[in-house]
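Structure assessment
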Amino acid sequence: MTLMASDSSADVVIVGTGVVGCLVAERALDAGLSVLMLEAGPRVDRWRIVENYRNLPPSMRLFHWDAPYPPKPWAPHLETRVAKESEQYLQLEGPNARAYLQGYVRYAGGATWHWAGICWRLTPEDMRLKSLYGVGRDWPFGHDVLEPYYTAAEYAIGVCGPSDPALQWPPNAERSKPYPMGPIPFGPGETRLTEAAARIGMMNLPAPQARNSGVSYHGRPPCCGNNNCFPVCPIAAKYDAATALPKIEAKGGKILANAVVYRVETGEKNAVEAVHYFDPNKVSHRVTAKLFVIACNGIETPKLLLLSKDDRNSNGVANSSDQVGRNMMDQPKLFAEVELAEPLWTGVGPVQSSSILNTTQGEFRNRYAGAMFRMENFARSPLGSAAALKKGLVGKALDTEIRRLSACTARLTVEHEPLPLPINRLTLSSKTDWLGINKPNIYYDVSDYVRRSAKEYTVPRLQQLASELGATSFQLSPEFLNSDHIMGGCIMGSEAATAVVDADCRAHDHQNLFLPGGGAMPSGTASNSTLTMAALALKAADAITAQLKHG
């Protein structure tokens, strides 16, 4: 029988209520442990986010995914409504600062509120970059260790995907179970893309995605093709961690929203004894536990550890290696806006349903980055309308041009594999937020590894793909952009001198502190990171329950 947590104590205290924290919480509760979750931001109903989105002006409907999530003063995040606001919280510097302008939200449920739902697995090669290609780092365990956790994660969050092994990723890798649901069919745009890619040796695969395909799953309805996955699925067909919170409470877990953890407290033996949080009235509270999980995300977790330095941990908690906040990664992204001679008709189905991944693998990785290619499948009518209006057209001419641009334009995207580089570092800014907490400052350089890839490999391939689709114009983005896949700030490794956490995401410096999620990933690869984060959460959860149940 699970004992109930109180507002100030539990067997396991979890900081953060995103997908990682929720998966750990459910596993711990199932093992009979009491769980208290602390969330910096508010807890809101889905209808509120939908209404926020509906009330946005048309110019904010696309590419401003945080706009329906106005930040609370005590829990700031990137606000994309105007440029000045977007500079306020994340302090960015370096030659590619724009490529780390991350779009997470500090709400109960985390960034899965407005993620695409894509759930790619790593390949065995992705986990052995140092051994195979002489770059980056190796993972401290092999793909065979992670595979059962990938499968468990797919069933925990509800992932649909193809049953044909020829359409699955990674190629030629054993799966312990099939996907819980079949794939979502391609719309006309992705069908055209698949055919064009095949003609030039690129294989466009149906993406596994945490979205119900034709059936209900875990109490969520099937996807009905709203094409509104960004910034919120209005019917919860797509998994988001907000849908897990009621289940956690039903199992006996306790969730405190608007609780901004600002300090991790250690004791004489350097075990973590408590975390401290501010409420919206700036009142401090202390929470104790047997074991602590920090699952804020790849920026907020290292920030909290650095804020928590004390006499025993002069560089910050869990930072004897000086690696906390280093090795910050995301897939540097370029995109091309293209016009086509014939209609393509994106916008049928989810906003992303496929990716080209055979371009991520190869011996070339010893010199430059692999990359994932895809076409964004969102409906183009808002962009087409805006572009047609700018031309000064009226009447039938305006209507005709809106229809043409909505049907005959597309965005092609390429996301590059990053390397874990110590110079790409999060530190504490001298600037503080509303609570007086230091803001995160991030230095970011995509490195010559990525720049060479763009110059010699990915941009030429992107142009070739556009040409094969029948593009009549091709406009490439002028700089690398963020992909919102935050990794590396609490990097994993077997040696305490060079890593923050061990193979179970347990801090090397503190036996009762776990830091699972994207921050632990030793390699970023070119594909979406969420399923790997979820798998690491479940692996950590097994270690947590074993440690507390069996000592």
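Residues numbered from 1 in each chain as written. Predicted model: local features only at pLDDT ≥ 70, side-chain atom pairs only at ≥ 80, totals over all residues. Heavy atoms only, no water.

Digging into the overall build of the protein
- Within the protein, the regular secondary structure consists of 12 helices and 16 strands.
- A compact globule built from 551 residues should have a C-alpha radius of gyration of about 24 Å, and the protein, at 23 Å, falls within 12% of that.
- Judged by the C-alpha coordinates and their principal axes, the protein covers about 75 × 50 × 45 Å.
- Going through the 551 residues of the protein one by one, you find that 62% of them count as buried.
- Considering only contacts within the protein whose residues lie at least 6 apart along the sequence, 74% involve residues at least 24 apart.
- For the protein, the computed accessible surface area is about 20,300 Å², with 52% contributed by carbon and sulfur atoms. (Helix = DSSP H or I, 4+ residues; strand = E, 2+ residues; numbered from the N terminus. Rg over C-alpha atoms; globule rule 2.2 N^0.38 Å. Buried < 20%, exposed > 50% of the residue type's maximum accessible area, 1.4 Å probe, protein only. Contact = heavy atoms within 4.5 Å. Areas by Shrake-Rupley, 256 points an atom, 1.4 Å probe, with all protein chains shown as cover.)

What about the sheet that holds strand β14 (residues 438–443)?
- Here we have 3 strands laid out as an open sheet, ordered β3-β14-β13, and mixed in their pairing. Each edge of the open sheet carries a strand with a single partner, namely β3 (91–93) and β13 (425–432). In this sheet, neighbouring strand axes are inclined to one another by 30° on average, regardless of whether the strands run parallel or antiparallel.
- As paired elements, β13 and β14 share 5 bridges and run antiparallel to each other. What sits directly across from Leu428, in β14, is Pro440.
- Helix-sheet contacts for helix α8 (residues 300–307) involve β13 and β14, and the interaxial angle to β13 is about 65°. (Pairing = 2+ DSSP bridges. Axes fitted to C-alpha atoms, helices over the stretch in contact; angles between N-to-C directions.)

Observations concerning the pairing of strand β11 (residues 371–375)
- When you tally the buried positions in β11, you get 5 out of 5 residues, the bulk of the element.
- Residues Ala371, Phe373 and Met375 line one face of β11 and the alternating positions Met372 and Arg374 line the opposite face, and both faces are buried.

Describing the state of the cysteines
- As enumerated under the stated definition, the model contains 0 disulfides in all.
- Of all cysteine sulfurs in the structure, the one in Cys223 sits closest to Cys160, which takes part in no disulfide; the separation is 8.3 Å.
- According to the relative accessible area criterion, Cys160 is buried, its value standing at 0%. (Disulfide = S-S within 2.5 Å.)

Some remarks on the packing of helix α1 (residues 19–30) against helix α12 (residues 530–550)
- Across the interface, α1 lies against α12 with an axial gap of 9 Å and an inter-helix angle of 30°. When the interaxial angle is binned, α1 and α12 end up roughly parallel. Crossing angle aside, the handedness with which α1 passes α12 is right-handed. Of α12, the residues touching α1 (which contributes Val19, Val20, Leu23, Val24, Arg27 and Ala28) are Thr530, Met533, Ala534, Ala537, Leu538, Ala541, Asp542, Ile544 and Thr545.
- In the contact of α1 with α12, the residues fall into 11 nonpolar, 2 polar and 2 charged. (Parallel < 35°, antiparallel > 145°, perpendicular 65-115°, else oblique. Left-handed = near helix turned anticlockwise from the far one by under 90°. Nonpolar A, V, L, I, M, F, W, Y, C, P; charged D, E, K, R; others polar.)

A closer look at the packing of aromatic side chains
- On inspection of all chains with the given rule, the structure shows 10 aromatic pairs.
- Both rings, one in Trp74 and one in Trp434, keep their centres 6.3 Å apart while their planes meet at 55°; by these two values the pair is tilted. Of this pair, Trp74 sits in the loop between α2 (46–54) and α3 (83–86) while Trp434 sits in the loop between β13 and β14, placing them 360 residues apart in sequence.
- Looking at Trp434, the relative accessible area reads 39%, which means it is partly exposed.
- Arranged with centres 4.7 Å apart and planes meeting at 50°, the rings of Tyr100 and Tyr444 form a pair that is tilted. (Phe/Tyr/Trp six-rings, centres within 6.5 Å; stacked < 30°, edge-to-face > 60°.)

Section: helix α5 (residues 143–157)
- Helix length check: α5, at 15 residues, gives a terminal C-alpha distance of 21 Å against a target of 21 Å (1.5 Å per residue), a fit within 8%.
- Tucked inside the fold, the buried residues of α5 contact α1 and α12.
- The first or second residue beyond α5 is Gly158, which carries a positive phi of 80°. (Expected span 1.5 Å × (residues − 1).)

Things to note about the pattern of salt bridges
- Scanning all chains against the criterion turns up 32 salt bridges.
- If you follow the salt bridges from partner to partner, you end up with Arg121, Glu147, Glu154 and Arg175 in one network. (Salt bridge = Lys/Arg side-chain N within 4 Å of Asp/Glu carboxyl O.)

Brief notes about the environment of Thr191
- Take Thr191: it is sitting in helix α6 (residues 188–199).
- Separated by 139 residues in the primary sequence, Thr191 and Asn52 have C-alpha atoms spaced 33 Å apart.
- A distance of 3.0 Å separates a polar side-chain atom of Thr191 from the backbone oxygen of Gly187. (Polar contact = N/O pair within 3.5 Å; in protein donor to acceptor, adjacent residues only side chain to side chain.)

Topic: the side chain of His77
- Mapped onto the elements of the fold, His77 is located in the loop between α2 and α3.
- Since its relative accessible area comes to 3%, His77 is described here as buried.
- Of note is the side chain of His77, whose polar atom sits 2.9 Å from the backbone oxygen of Tyr69.
- Within polar-contact distance, the side chain of His77 engages the backbone nitrogen of Arg106 at 3.0 Å.

Here we look at the packing of helix α9 (residues 381–390) against helix α10 (residues 395–407)
- Across the interface, α9 lies against α10 with an axial gap of 8 Å and an inter-helix angle of 135°. Relative to α10, the element α9 is oriented oblique. In terms of crossing hand, the pair formed by α9 and α10 is right-handed. Judged by residue contacts, Ser381, Gly384, Ser385, Ala387, Ala388 and Leu389 of α9 engage Leu398, Glu401, Ile402, Leu405 and Ser406 from α10.
- Here the contact of α9 with α10 is built from residues that sort into 6 nonpolar, 4 polar and 1 charged.

Some details on unusual backbone geometry
- For the bond running from Trp169 to Pro170, omega is 5°, close enough to zero to count as cis.
- Residue Pro231 is bonded to the preceding Phe230 through a cis peptide linkage, with omega at 0°.
- Notably, Ala236 is not glycine yet its phi reads approximately 65°, a positive angle.
- If you trace the backbone, Ala236 turns up in the loop between β4 (204–206) and α7 (245–250).
- Accessibility expressed as a relative area gives 11% for Ala236, which makes it buried.

The values are spatial; any link to function lies outside them.
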